Each structure stands twice: as structure tokens, then as C-alpha cells.
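Listed below, chain by chain, are the residues.
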Amino acid sequence: MTSELHEGPLTPVARSVPPPPQKLTRREERRRRRRRRRRGEELLAWVLVPIICIGIYWGITAGFDLLGTSPGQVWDQLMQVKAMMEKRA
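Remember, predicted model here, so these are calculated numbers, not experimental data.

## A few points about the overall build of the chain
Along the backbone of the chain there are two helices and zero strands. Computed over C-alpha atoms, the radius of gyration of the chain comes to 37 Å, more than 25% over the 12 Å expected from 2.2 N^0.38 for 89 residues, which places it beyond the range of a compact globule. Along the first, second and third principal axes, the C-alpha atoms of the chain reach 120 × 35 × 20 Å. The buried share of the chain, taken over its 89 residues, is 1%. Working note: accessible area of the chain is about 9,400 Å², and carbon and sulfur atoms make up 62% of it. Computed over 17 positive and 9 negative side-chain charges, the inter-centroid distance for the chain is 12 Å.

## Re the UniProt feature "transmembrane region" (unreviewed entry) in the chain
In this numbering, the UniProt entry assigns the feature "transmembrane region" (unreviewed entry) to residues 43–60. Within residues 43–60, the helical portion is 100% and the strand portion 0%, while the C-alpha atoms at the span's ends are 27 Å from each other.

## Digging into the pattern of salt bridges
If charged atoms from side chains of opposite charge come close, those side chains can pair. Considering all chains together, one arrives at three salt bridges under this definition. Across the salt bridge formed by Arg37 and Glu41, the nearest N and O atoms sit 3.7 Å from each other. Taken together, the residues span about one helical turn, with Arg37 and Glu41 both in helix H1 (residues 26–67) at a distance of four residues. By relative accessible area, which is 46% here, Arg37 ends up partly exposed.

Definitions and cut-offs
- Numbering of residues starts from 1 in each chain and follows the order in which that chain's sequence is written.
- Since the coordinates come from a predicted model, pLDDT governs what is reported: local features require at least 70, and pairs of side-chain atoms require 80 or more to be given and counted, while whole-chain, interface and lining totals use all residues.
- With hydrogens and water stripped out, all remaining heavy atoms of the structure feed into the side-chain values.
- Secondary structure elements are defined from DSSP: runs of H or I of at least 4 residues count as helices, runs of E of at least 2 residues count as strands, and each element is numbered from the N terminus.
- Throughout, radius of gyration means the C-alpha value; the globule benchmark is 2.2 Å times the number of residues raised to the power 0.38.
- Burial classification: accessible surface area is computed with a 1.4 Å probe over protein chains only, and a residue below 20% of its type maximum counts as buried, one above 50% as exposed, and the rest as partly exposed.
- Areas reported as accessible are Shrake-Rupley estimates using a 1.4 Å probe. Residue values count occlusion only from the protein chains shown.
- Positive: Lys, Arg. Negative: Asp, Glu. His and the chain ends are not part of the count.
- Where a charge lies is defined by one atom per residue type: Lys uses NZ, Arg uses CZ, Asp uses CG and Glu uses CD.
- UniProt positions are given in the numbering used here, feature names are shortened, and annotations may be inferred rather than shown by experiment.
- Salt bridge criterion: a side-chain nitrogen from Lys or Arg within 4 Å of a carboxyl oxygen from Asp or Glu.

As C-alpha cells, then:
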């Protein structure tokens, strides 16, 4: 019955252990660090720049409210000062 199968001892199967990753060169390590840093700086900029712009706007608005004026009134006063200076000259 088993004469056709040619059974014999089992051969051990070599385990497929992945080779350890090659160590990167200093230049490649530096490139990767630079790439990560640039990505981080870009993300930080996309978050911080809008926050800074909104903060500046709120600061200017609060300053005008504190002084009881508006940007239009300040502009009109500056134009009056400019006109007075031109008359002197």
C-alpha cells in the first residue's frame, strides 16, 4: 500500500528568519533626521502661524477697544496729520 510513496525521515525545514537590517550610513541617518525634522517643522508651522495671526488680530482689536476707537478713526486722524504737515511745508 505505501510502496509507491517512498517515505523516509523528515528533513528539517530551515526557519525563514529575516536577516538583520543593514546599518545605515551616517549620511543616510542624517538625511532621515533632516527629513523628519522638516516634516515636524512644517506641521508645527501649519498649527502655529494661524494661532499667531488670530492672536495678533485679537490683540489689535482689544487695543482699539481699550482706547475707545476704531481703525477707521485712526486712519482719518493720520490723514489729518498728514494734511497739516503738507500745509506747513
